[in-house]
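Results of the structural survey
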Amino acid sequence: MISDPRSESTIFRGPGTLPYFDLLLERLDRGRPDLDLAFGRHVHWGYWADPRRADRSPQDFARAAEALSQRVWRAALLKDGMSVLDAGCGFGGTIASLNENFQGMELVGLNIDRRQLERACGKLVPRAGNRIRLEEGDACAMPFPDAAFDAVLAVECIFHFPGREAFFREARRVLKPGGILALSDFVPKGYFRPLSASRFARRMLEPLFGTCRMDHTLKDYRRLGRETGFVSLWEEDIARNTVPTYPFLRRIQRDLTGAESWNKLGSYAAQWVSRFNWLRYMILAFHKLD
Ligand SMILES: C[S@@+](CC[C@H](N)C(=O)[O-])C[C@H]1O[C@@H](n2cnc3c(N)ncnc32)[C@H](O)[C@@H]1O
């Protein structure tokens, strides 16, 4: 368990650390209020109900990132008093959001990168009878007993995990009977999968984003759910609502410059495949069968 946010050096690099988090942590440590506003809480794409109203400011992006997180946790049908695991919790933004919106919760964040947990730990203050715990570990080999949680969330991180099937099996194991797994992911249409899963796509993404496997179509997810003991509860494609993320990322790219940064071409390509809906951004929820 992480207890003192300042107990370890922030230059720790362990298995599972990702290049974009190395950059982000370094820039945040130097004190960048604009980056802190945009990515100090959530590190994921934004959701705009009306994408035409996006104004490319860090404030607007932070609101959109919070809205995306809320859409994922709403899919898990949460209620006061539940125990919730946020797998791949980043800087704890989703835990913070749950802490602000529910009471009497047991909120647990799991992350493979200890530096992120240290940052989260310094910011999270439990309220209204909530308890918050942060654990270091792999979402595919969780340090939790069976049937420990009412819900498991994974906001925009499953593509980094060692395997989706291993994660689904672990999520099922740690969920109580009737529990819900809710996640967001980049989900290619069948005809786009050969490109999204190609070596070319990996070469575009890996220098900045590390290992990303964008190879699960909706059909694959439905099969995975069935084969691991879940029934599908919710499927929502919000790709068009996330598109303003790309111009915002380009706008702040000067803060993430360097040989490893995501090139503009890659960013435009991702924006257009999202707009054309070849690469969907989906919120999916699954109900654990008893
Ligand atoms: C795009 S970030 C999303 C962070 C957070 N869910 C959010 O929405 O702000 C992906 C996260 O997955 C975490 N991650 C990657 N591989 C992991 C693993 N095997 N187990 C647990 N967390 C992992 C990363 O450290 C990072 O925090």
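None of the values given here were measured: they were computed from a predicted structure.

As a further point, take the overall build of the protein. Along the protein, the regular secondary structure elements total twelve helices and seven strands. Here the C-alpha radius of gyration of the protein, 18 Å, is about what a compact globule of 290 residues would show, namely 19 Å. For the protein, the spread of C-alpha atoms along the three principal axes comes to 45 × 45 × 35 Å. For the protein, the residues scored as buried account for 58% of the 290 residues in total. On the protein, roughly 13000 Å² of surface is accessible, and the fraction owed to carbon and sulfur atoms is 52%. For the protein, the distance from the average position of its 43 positive side-chain charges to the average position of its 36 negative side-chain charges is 6 Å.

Applying the stated rule across the entire model yields 26 salt bridges. Between Arg133 and Glu106 there is a salt bridge, with its nearest N and O atoms 3.4 Å apart. Here Arg133, found in strand S3 (residues 131-136), pairs with Glu106, found in strand S2 (residues 106-111); they are 27 residues apart in sequence, far enough to count as distant. Residue Arg133 is classed as partly exposed on the basis of its relative accessible area, which comes to 26%. Of the charged contacts in the structure, one is a salt bridge between Arg223 and Asp220, with a shortest N-O distance of 2.9 Å. Taken together, the residues span about one helical turn, with Arg223 and Asp220 both in helix H9 (residues 218-227) at a distance of three residues. Residue Arg223 is classed as partly exposed on the basis of its relative accessible area, which comes to 36%.

What follows covers the site of the ligand. The ligand sits among 21 residues. The nearest are Val43, His44, Gly88, Asn111 and Gln116. The backbone of Val43 places a nitrogen or oxygen atom 2.8 Å from an oxygen atom of the ligand. Ile112 places a polar main-chain atom, nitrogen or oxygen, 3.5 Å from a nitrogen atom of the ligand. Across the shell around the ligand, the residue classes tally to eleven nonpolar, eight polar and two charged.

With their axes 10 Å apart at the nearest point, helix H6 (residues 164-174) and H9 run at an angle of 40° to one another. Taken together, the axes of H6 and H9 lie oblique to each other. Between H6 and H9 lies a crossing whose hand is right-handed. Together, Arg164, Glu165, Phe168 and Arg169 of H6 and Tyr221, Leu224, Gly225 and Glu227 of H9 make up the contact between the two elements. Classifying every residue of the contact of H6 with H9 gives three nonpolar, one polar and four charged.

On to the sheet that holds strand S7 (residues 279-288). Here we have seven strands laid out as an open sheet, ordered S3-S2-S1-S4-S5-S7-S6, and mixed in their pairing. Because the sheet does not close on itself, it has two edges, and the strands there are S3 and strand S6 (230-237). Mean inter-strand twist for the sheet, computed between neighbouring axes without regard to direction, equals 15°. By the bridge criterion, three bridges tie strand S1 (residues 83-87) to strand S4 (residues 149-155) in an arrangement that is parallel. Within the sheet, the bridge partner assigned to Asp86 lies in S4 and is Leu153. The sheet strands contacting H9 are strand S5 (175-188), S6 and S7, and the helix crosses S7 at an angle near 15°.

So, about a nonpolar patch on the surface. Judged by side-chain polarity, Tyr191, Tyr268, Trp272, Phe276 and Trp278 come together as a nonpolar surface patch covering roughly 560 Å² of accessible area. Considering the arrangement of structural elements, one finds Tyr191 in the loop between S5 and helix H7 (193-196).

What follows concerns H6. Along H6, the residues that are buried comprise Arg164, Phe167, Phe168, Glu170, Ala171 and Val174. Viewed end-on, H6 has its buried residues packed into an arc of 165°, placing them on one side of the element. In this fold, the buried residues of H6 make contact with S1, S4, S5, H9, S6 and S7.

Per-residue confidence for the protein gives a mean pLDDT of 90, with 91% of residues at or over 70. Contacts for the low-pLDDT stretch residues 3-14, under 50 throughout, to residues beyond four places or in other chains number 14 contacts.

Moving on, we get to the packing of helix H1 (residues 19-29) against helix H5 (residues 114-123). Running from N to C, H1 and H5 cross one another at 40°; their axes reach a closest spacing of 11 Å. Judged by the angle between their axes, H1 and H5 are oblique. By crossing handedness, the relation of H1 to H5 is classed as left-handed. From H1, Phe21, Asp22, Leu25 and Leu28 reach across to H5, where they touch Arg115, Gln116 and Arg119. Looking at side-chain class alone, the contact of H1 with H5 contains three nonpolar, one polar and three charged residues.

Cut-offs applied
Residues numbered from 1 in each chain as written. Predicted model: local features only at pLDDT ≥ 70, side-chain atom pairs only at ≥ 80, totals over all residues. Heavy atoms only, no water. Helix = DSSP H or I, 4+ residues; strand = E, 2+ residues; numbered from the N terminus. Rg over C-alpha atoms; globule rule 2.2 N^0.38 Å. Buried < 20%, exposed > 50% of the residue type's maximum accessible area, 1.4 Å probe, protein only. Areas by Shrake-Rupley, 256 points an atom, 1.4 Å probe, with all protein chains shown as cover. Lys, Arg positive; Asp, Glu negative; His and termini not counted. Charge placed at Lys NZ, Arg CZ, Asp CG, Glu CD. Salt bridge = Lys/Arg side-chain N within 4 Å of Asp/Glu carboxyl O. Near = heavy atom within 4 Å. Polar contact = N/O pair within 3.5 Å; in protein donor to acceptor, adjacent residues only side chain to side chain. Nonpolar A, V, L, I, M, F, W, Y, C, P; charged D, E, K, R; others polar. Axes fitted to C-alpha atoms, helices over the stretch in contact; angles between N-to-C directions. Parallel < 35°, antiparallel > 145°, perpendicular 65-115°, else oblique. Left-handed = near helix turned anticlockwise from the far one by under 90°. Contact = heavy atoms within 4.5 Å. Pairing = 2+ DSSP bridges. Patch = residues over 30% accessible without salt bridge, like charges linked within 9 Å, V, L, I, M, F, W, Y side chains within 5 Å. Arc of directions from axis to C-beta. pLDDT = per-residue confidence, 0-100.

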